[in-house]
Amino acid sequence: MENKNKFYKNSKYFTIATYAVLACIIVAVALKVLFFWGEASSFVGSFLSTVSPFLIGILIAFLMNPLINWLKNTVFGKWIKVKNGAVNKILSIIFAYVIVLIALLLIIAFLIPSLAASITKLSQQAAGWYDQLSNFLKDLYQNQNNNKIVKFILEQLEAQKDTIMGFIKNFLPSLASSLMGAGMGVATAVVNIFIALIISVYLIVDKNMQMRSFKRIAYAFLEERKAKKLGYVVKKSITIFSEFFDGKMIDSLIMGVITFVFMIIGGLCGLKGYYENAVLIAVIVGITNMIPYFGPFIGVVPSFIILFAFSPLGAVIFAIGNIILMQIDGNFIGPKILGESVGLRPLWIIFAILIGGWVGGFVGILIGVPCVATITTLLNESVDVRLDKKNLDIPRLENEKVVDDEKKAAKKAARKAKRHKK
């Protein structure tokens, strides 16, 4: 007699139950965030603060990996020729971290004080800007036969004299001291992120083991086809992010160095304010260049204002030189370094920057572009697969020529072979 109380495993109902539980969890989280936003944001902030060493460790490992690979494959692989793989890997990790730590210490020791000195000197000269502007407007007012617009501006300037002078005298020196304090904060943070550095080292050392663990889990809980697809998506995302950030950092460093050299040459040629603010403006250009598309234009504005206070002609020359430099970077330096790691049209770049800035501020602006680039790349590949199944060959761009049947077949076969290989 069959036992009716016996439990029989049924994968179909198990899958349905799993999806139902996941759906309930997602709905519960969505309702919590929607109706209790204050508590939810506080919880997320507390959680991120708790796991921040681990997140920073992931970021450090992510950024250090290209340097370690270069040391491993080129320096210790080709130049020094260390044949033992384990020794090669250990030496690459040690030298990479030593190089980065020395660079950070040099930045703290040289860059921050130089920035503070530049702003302090700028604040000392800023005290006379008000008088110069006031005298210029008075002369203009007299030469323009008592122009009412100039008179109105002059009256407003005189009315706000105390406020303007107080801002000039207090803000810039306080900004300089804040930079010095930031330098000390960075020095203290080097000690505080010691745990993150250890985590990053473990992540790099155990990278292959972690990838194998991820692969085992994916194949254990997913169908083979879905597991392969998930692995490809993760690998593609990591590749796009790595190429984008590595290329963008190198590109920004090059732009900052070129700007610094340009400022030094300008100072030697007698342009006022160039030599004194070389470090400050080079840092502004380098940092803002990390922002895709709009970054170079954003960096010009504060640099132009700083130089205009010293020499209007020098500011105009800088603006023209920076525009030329942006064209060189956009057409030669940037594409050579970044390659096709992003491959987004300007409209999508603007969309990524706006959404990223709304969600995550400055960090969101930085990661918004590679996020959208990853999504569009995967979406384009999915569209190509579906078009292949329908025997259609619709070009992505309007200026792409529709090839003949033989070329269509060859292109389709190459794509299928590439996907099969992956």
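This one's a predicted model, so the numbers in the text were calculated from it and none came from an experiment. (Residues numbered from 1 in each chain as written. Predicted model: local features only at pLDDT ≥ 70, side-chain atom pairs only at ≥ 80, totals over all residues. Heavy atoms only, no water.)

K.L.:
How should I be thinking about the packing of helix α8 (residues 207–221) against helix α9 (residues 224–268) in this particular structure?
P.N.:
Between two packed helices, both the angle of their axes relative to each other and the distance between the axes serve to describe the pair. Interaxial distance between α8 and α9 falls to 8 Å at its minimum, and their mutual angle equals 145 degrees. Regarding α8 and α9, the two cross each other, and that crossing is right-handed. On the side of α8, the interface is formed by Phe214, Ala218 and Tyr219, while α9 contributes Glu224, Ala227, Lys228, Leu230, Gly231 and Val234. Among the residues making up the contact of α8 with α9, the classes are represented as six nonpolar, one polar and two charged. (Axes fitted to C-alpha atoms, helices over the stretch in contact; angles between N-to-C directions. Helix = DSSP H or I, 4+ residues; strand = E, 2+ residues; numbered from the N terminus. Left-handed = near helix turned anticlockwise from the far one by under 90°. Contact = heavy atoms within 4.5 Å. Nonpolar A, V, L, I, M, F, W, Y, C, P; charged D, E, K, R; others polar.)

K.L.:
What's the story with the environment of Asp384 in this structure? I'm lost.
P.N.:
Following the sequence through the fold, Asp384 ends up in helix α13 (residues 346–389). Residue classification places Asp384 among the buried residues on the basis of a relative accessible area of 15%. As a C-alpha pair, Asp384 and Ile394 span 10 residues in sequence and 8.9 Å in three-dimensional space. (Buried < 20%, exposed > 50% of the residue type's maximum accessible area, 1.4 Å probe, protein only.)

K.L.:
What is the right way to look at a nonpolar patch on the surface in this model?
P.N.:
Together, Ile90, Ile94, Phe95, Val98, Ile99, Ile102 and Leu106 line one region of the surface with nonpolar side chains, adding up to about 640 Å² of accessible area. By the secondary structure assignment, Ile102 is in helix α3 (residues 85–126). (Patch = residues over 30% accessible without salt bridge, like charges linked within 9 Å, V, L, I, M, F, W, Y side chains within 5 Å. Areas by Shrake-Rupley, 256 points an atom, 1.4 Å probe, with all protein chains shown as cover. Salt bridge = Lys/Arg side-chain N within 4 Å of Asp/Glu carboxyl O.)

K.L.:
Where do I start with the pattern of salt bridges in this structure?
P.N.:
It is possible for side chains bearing opposite charge to pair when their charged atoms get close. Here the structure, examined in full by the defined rule, presents two salt bridges. With a closest N to O distance of 3.5 Å, Glu224 and Lys228 form a salt bridge. Here Glu224 pairs with Lys228, and both are found in helix α9, just four residues apart, close to one helical turn. Take Lys228: its relative accessible area is 46%, and that puts it in the partly exposed class. With its nearest N and O atoms 3.8 Å apart, the salt bridge here joins Glu381 to Lys236. Taken together, the residues Glu381 in helix α13 and Lys236 in helix α9 connect sequence positions 145 residues apart. Overall, the relative accessible area of 22% leaves Glu381 in the partly exposed class. On the accessibility criterion, Lys236 (24% relative accessible area) is partly exposed.

K.L.:
Would you take a moment to explain the packing of aromatic side chains for this structure?
P.N.:
The relation between two aromatic rings is expressed through the spacing of the ring centres and the mutual angle of the planes. Evaluation of the coordinates by the stated rule reveals four aromatic pairs. With a centroid separation of 5.9 Å and 90 degrees between ring planes, the pair formed by Trp70 and Trp79 is classed as edge-to-face. Take Trp79: its relative accessible area is 59%, and that puts it in the exposed class. (Phe/Tyr/Trp six-rings, centres within 6.5 Å; stacked < 30°, edge-to-face > 60°.)

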